[in-house]
Amino acid sequence: MLSGFQFMLGDLNCWSIRAGQGRFRAKAFFANAPEAALEQALVKHNLPLDFLVTPFNCLLVQAQDQLVLFDTGTRGDNLADALDQVGISVEQISIVVLSHAHLDHIGGALRQTGHPTFPNAHYLLSHDDWREIGHEQTKTSAMLKALGDHLLLIDPPLDTAPGIQLLPAPGHTPGQMIGEIISAGQRLIYTADVLAHPIHIEHPEWHIVSDVDPTEALITREWLLAEAAISECSLFVYHFPLTPLCQIEQQGQGYKARQLMPC
């Protein structure tokens with residue numbers, strides 16, 4: 001796995017920032033997969049049959065005078081250290097997109113002190129996700145409330161910075177958002193958890209155990225795969241191993257991924 005790297009999208013400087021990793025049961029990624037078919041897919045990808053280790057790949061984009069960060073991993077201190085390794089301080093971040101309200105995406109919004117990791121940033125979360133969990137007494141809602149005035153609730157589609165638009169991508173959560181970044185004729189889509197593993201490209205019908213609405217999640221996933229294949233845009237996938245960057249190609253009635261390694 002790459003710990004982090006810089007790349008260009010048109011005229012925009014971008015970084016992949018690895019903010020730690022998680023260990024999940026394989027069945028959690030493919031909740032409705034038949035046992036035999038899942039085992040066959042895991043063997044094909046040289047993966048263990050029980051647990052999968054997955055990185056938290058945060059996307060950072062320099063859009064003129066704004067630094068926009070997509071998601072935060074689980075620990076703010078880990079994320080701050082990872083940013084420091086590429087020469088960026090937490091004070092420089094101006095916008096933090098919380099793609100959806102799951103702890104492996106928002107956990108790094110706060111430091112261990114309980115203060116916002118990015119003191120000068122606006123944190124963006126969808127109204128729909130807040131309506132789903134804001135009234136609950138959970139660690140997730142408590143973390144979001146601790147952001148105070150730093151948290152802004154929004155309704156996509158929304159332009160957040162030059163060349164960056166947030167789009168609705170419901171299913172995994174009611175208000176999940178993806179990011180579309182366009183510069184000099186190049187296009188990148190930050191997928192959040194529309195995709196969570198390369199096997200989802202081959203089997204989009206296998207849903208994640210935490211999908212709130214698996215049917216809607218499948219509709220969103222199939223739309224994204226078709227759009228990426230037709231438009232030949234690149235994808236940045238939060239949980240993909242090796243590299244978060246890939247392109248989608250048609251393969252028969254389905255799709256395959258071509259991973260893009262940084263130069």
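Source: prediction; values computed, not measured.

With that settled, consider the pairing of strand β8 (residues 158-161). Looking along a regular strand, one sees side chains alternate from face to face of the sheet. Looking at chain direction, β8 and strand β9 (residues 164-168) are connected through three bridges and run antiparallel. From the neighbouring strand, Leu158 faces β9, where its bridge partner is Leu166.

Turning our eyes to something else, we now look at the side chain of His200. Among the secondary structure elements, His200 is positioned in helix α7 (residues 199-202). The class of His200 is buried, set by a relative accessible area of 0%. Engagement of the side chain of His200 in a polar contact is seen with the backbone oxygen of Trp206, the distance being 3.2 Å.

With that settled, the discussion passes to the sheet that holds strand β6 (residues 122-126). With mixed pairing, the seven strands of this open sheet are ordered in space as β1-β2-β3-β4-β5-β6-β7. Since the sheet does not close on itself, it has two edges, and those belong to β1 (4-9) and β7 (151-154), each with one partner. For this sheet the average axis-to-axis angle between neighbouring strands, irrespective of direction, equals 25°. Two strands pair when backbone bridges link them, and strand β5 (residues 95-97) and β6 are joined in this way by three bridges, in the parallel orientation. When the bridges of β6 are listed, Val97 appears paired with Leu124.

A few words now on the pattern of salt bridges. Tallied over the full model, the rule gives nine salt bridges. The salt bridge involving Arg187 is made with Glu180; its shortest N-O contact spans 2.8 Å. Given a relative accessible area of 13%, Glu180 falls into the buried group.

Spacing of three or four residues puts side chains on the same side of an α-helix, whose turn is 3.6 residues. The set of residues buried in helix α2 (residues 35-44) consists of Leu38, Ala41 and Leu42. Down the axis of α2, the buried set is contained in an arc of 100°. They therefore lie on one face. Set apart from the buried face of α2 by more than 90 degrees, the exposed residues are Ala36, Gln40 and Lys44. As for α2, its buried residues are in contact with α1 (26-29), β3 (51-63) and α7. In the segment just after α2, Asn46 is the residue with positive phi, at about 55°.

Take the environment of Ser210 next. With respect to the helices, strands and loops of the structure, Ser210 is situated in the loop between α7 and α8 (214-231). Judged by its relative accessible area of 32%, Ser210 falls in the partly exposed class. Residues Ser210 and His102, spaced 108 residues apart in sequence, show a C-alpha to C-alpha distance of 9.2 Å. Among residues more than four places away in sequence, those in contact with Ser210 are His102 and His172.

This brings us to the nonpolar core. The biggest cluster of nonpolar side chains holds 74 residues, and the ones touching the most others in it are Leu59, Phe70, Phe118 and Leu235. With six residues, the single largest contributor to this core is β3. With residues up to four places along the chain from it excluded, the contact list for Leu235 reads Leu188, Ile189, Thr191, Leu195, Leu224, Ala228, Pro244, Leu245, Cys246 and Ile248. Ranked by size, the runner-up nonpolar core spans twelve residues in total, among them Ala26, Phe30, Ala33 and Leu52.

What counts and how
- Residues numbered from 1 in each chain as written.
- Predicted model: local features only at pLDDT ≥ 70, side-chain atom pairs only at ≥ 80, totals over all residues.
- Heavy atoms only, no water.
- Pairing = 2+ DSSP bridges.
- Helix = DSSP H or I, 4+ residues; strand = E, 2+ residues; numbered from the N terminus.
- Buried < 20%, exposed > 50% of the residue type's maximum accessible area, 1.4 Å probe, protein only.
- Polar contact = N/O pair within 3.5 Å; in protein donor to acceptor, adjacent residues only side chain to side chain.
- Axes fitted to C-alpha atoms, helices over the stretch in contact; angles between N-to-C directions.
- Salt bridge = Lys/Arg side-chain N within 4 Å of Asp/Glu carboxyl O.
- Arc of directions from axis to C-beta.
- Contact = heavy atoms within 4.5 Å.
- Core = buried A, V, L, I, M, F, W, Y, C linked by side-chain atoms within 4.5 Å.

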